[in-house]
Every structure is written in C-alpha cells, then in structure tokens.
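Here is what each chain is made of, one letter per residue.
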Amino acid sequence: MNEYQKAADLIKHSRHVTVFTGAGVSVESGVPPFRGENGLWNEYDPIILDLKNFYKHPAESWITIKEIFYDYFGKAEPNDAHRIISRLEADGYVQAVITQNIDNLHQRAGSKNVFEFHGNSRELVCTECGEKYPVTDKILAELPPKCRKCGEILKPDFVFFGEAIPDRAEKLSFEEAEKADLFIIIGTTGEVQPASLIPVVARSKGAKIIEINIEESNFTNDITNLFIQEKASRAMKQIEAELYK
C-alpha cells in the first residue's frame, strides 16, 4: 500500500477521527501564514496583535487589523482540502475538526462540528460588556468600531498575544483529543502552544497520527505514525479517491 492507501485504510477502520488544522490548510485559499518565509510577520509588526498594545492604541491597531483580516484575506474562499474534510464529516468518516485558524473556512465549506481553538474573525466582541456583533462593512466603516450598548471599543473575537484561550474551546478541544482513535494533523508545524499539545494528548491516549505537511514539523519524528509530505488539497484529494474506490 502507498501512503494514501494507508491513510484511507486507517480512516475506514477508525471509530473516531479528528482533524486538526493549522495555517497550512488555508494557504491555498490565499490566506498567508503568520510565520515562515511568506508569513505575515515579515510584512507587519506582530505588536498589532498584542493585547496591551491594542488597548493602548486601538485606533492605530484597528487600521492594520482591518487591512489584514478583513480587506486582505477576509475575502478568501474554501479550497479543496476544506471541502473534502467537510464531505468526509458528512459521510461519517470524520467526527470533528479542531482548527487553530480564525478564517471560518471550515464552516463555509460545510463542516459542522468545528472547535475554533483561537477564536474567529467573523465576530467582534465588546472589550467592556462582552456583547458580540457579526462583522459587516457597516460596523467597520468607522474605526475603531464601538459597541452599540455601552460605547466601548470592539475587538475581533480571536485570541491576541497575551490573551487566554477561551475556556470552552480549550476544554472541548482537549476532550476531543481524548476521544479520537485517529488524529489527522494538516498544515501545522506544532510551534504554537498550547495548541501544539492537543495532538500529543491524542497520541498519549492511544490515537494513531496521520500528518500532512509540506515539511517535517515538531510532530513528525515524535508522535506521527504516517507522514504525508504534500500540500493539503492534493493529499486530501488522493485520500478521498482511495476512500471511495
């Protein structure tokens, strides 16, 4: 069996399959990663996502946040990897998706059971009263956007540097890791904690690990059982073809 046949065989014979995604699954949708050769932090100063800096300089922070997350790649569309993961969930092969991404592309592709470990960019949250608002052109017309209830500044509902992981997302993601008997890592290097601990927990509970990455990661030689060195969409197309033979 080749690596794609092996992956399909593992999926077919697993009871609970969880997919764990990072920036690499969305790169083919035009969403750049934060780190690495073509990463956002080569062009922008990471301080714009520092929580203390945001509170000190909300107007300046919002100009760059809008440019990156709403003007630049806010218009990205799901790619084949997102769509195939969604189809596998619909057909009962995948039970859940844990994503580090904030781009909402898994949901837009049709995935239902998605745990957003780092929050999402599709909603804004009031820094004072906690009221949430869906992102619209109207709400971003004036920067920084303000809460209609209390008048305080809104921030994107994703995790900034210096901000805790949302309790519910963290709890449910680690619970999911304990349930899985097959964990599929796609497009993440394993450098960001505590997210990088989730596959480690899955492995410690006996799950097999399939990893799809264009380069070896922190997981490859440590916990991975089957490493597929390929782009996410190409690998998922091959796996899907083997599953439905």
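For the structure, see preceding data.
As the structure is a computational prediction, the values presented were derived from the model and not from experiment.

**A short note on the sheet that holds strand β6 (residues 154-158)**
Thinking step 1. What the 3 strands build is an open sheet, ordered β5-β4-β6; its pairing is antiparallel. This sheet does not close on itself; its edge strands, each paired only once, are β5 (132-134) and β6. Taken pair by pair, the neighbouring strands of this sheet meet at an average axis angle of 40°, ignoring direction.
Thinking step 2. Sitting on the sheet, helix α3 (residues 58-72) touches β4 (119-126) and β6, and the angle it makes with β6 is about 40°.

**Re the pairing of strand β8 (residues 208-213)**
Thinking step 1. Within β8, 5 of the 6 residues are buried, which leaves the element mostly enclosed by the surrounding structure.
Thinking step 2. Two elements, strand β7 (residues 182-186) and β8, share 5 bridges in a ladder whose sense is parallel. Within β8, the position partnered with isoleucine 186 by the bridge is isoleucine 212.
Thinking step 3. Chirality of the crossover, the property in question, places the unit of β7, helix α7 (residues 197-204) and β8 among those that are right-handed.
Thinking step 4. Examined bridge by bridge, β8 and strand β9 (residues 226-229) share 4 bridges and lie parallel to one another. Among the inter-strand pairings, isoleucine 210 is bridged to a residue of β9, identified as leucine 226.

**Some words on helix α4 (residues 80-90)**
Thinking step 1. The set of residues buried in α4 consists of Ala81, His82, Ile84, Ile85, Ser86, Leu88 and Glu89.
Thinking step 2. Buried-residue contacts for α4 involve β1 (17-21), β2 (96-99), α5 (105-109), β7 and α8 (232-243).
Thinking step 3. The distance from a side-chain oxygen at the start of α4 to the backbone nitrogen of alanine 81 is 2.8 Å, and the residue carrying that oxygen is asparagine 79.
Thinking step 4. Just downstream of α4 lies glycine 92, where phi reads positive at about 85°.

**Comments concerning the nonpolar core**
Thinking step 1. In this structure, Leu49, Trp62, Ile65, Phe69 and Tyr70 are the most contacted members of the largest nonpolar core, which totals 27 residues.
Thinking step 2. The set of elements that each furnish at least two residues to this core consists of α2 (51-56), α3, β4 and β6.
Thinking step 3. A per-element tally of this core places α3 first, with 5 residues.
Thinking step 4. Once you skip the residues sitting within four places of it in the chain, phenylalanine 69 turns out to touch Phe34, Leu49, Gly74, Ile102 and Phe158.
Thinking step 5. Grouped together as the second largest cluster of nonpolar side chains are 26 residues, Val17, Ala81, Val94 and Met236 included.

So, how was this worked out
- Residues numbered from 1 in each chain as written.
- Predicted model: local features only at pLDDT ≥ 70, side-chain atom pairs only at ≥ 80, totals over all residues.
- Heavy atoms only, no water.
- Pairing = 2+ DSSP bridges.
- Helix = DSSP H or I, 4+ residues; strand = E, 2+ residues; numbered from the N terminus.
- Axes fitted to C-alpha atoms, helices over the stretch in contact; angles between N-to-C directions.
- Contact = heavy atoms within 4.5 Å.
- Buried < 20%, exposed > 50% of the residue type's maximum accessible area, 1.4 Å probe, protein only.
- Right-handed = clockwise from strand over helix to strand, strands pointing away.
- Polar contact = N/O pair within 3.5 Å; in protein donor to acceptor, adjacent residues only side chain to side chain.
- Core = buried A, V, L, I, M, F, W, Y, C linked by side-chain atoms within 4.5 Å.

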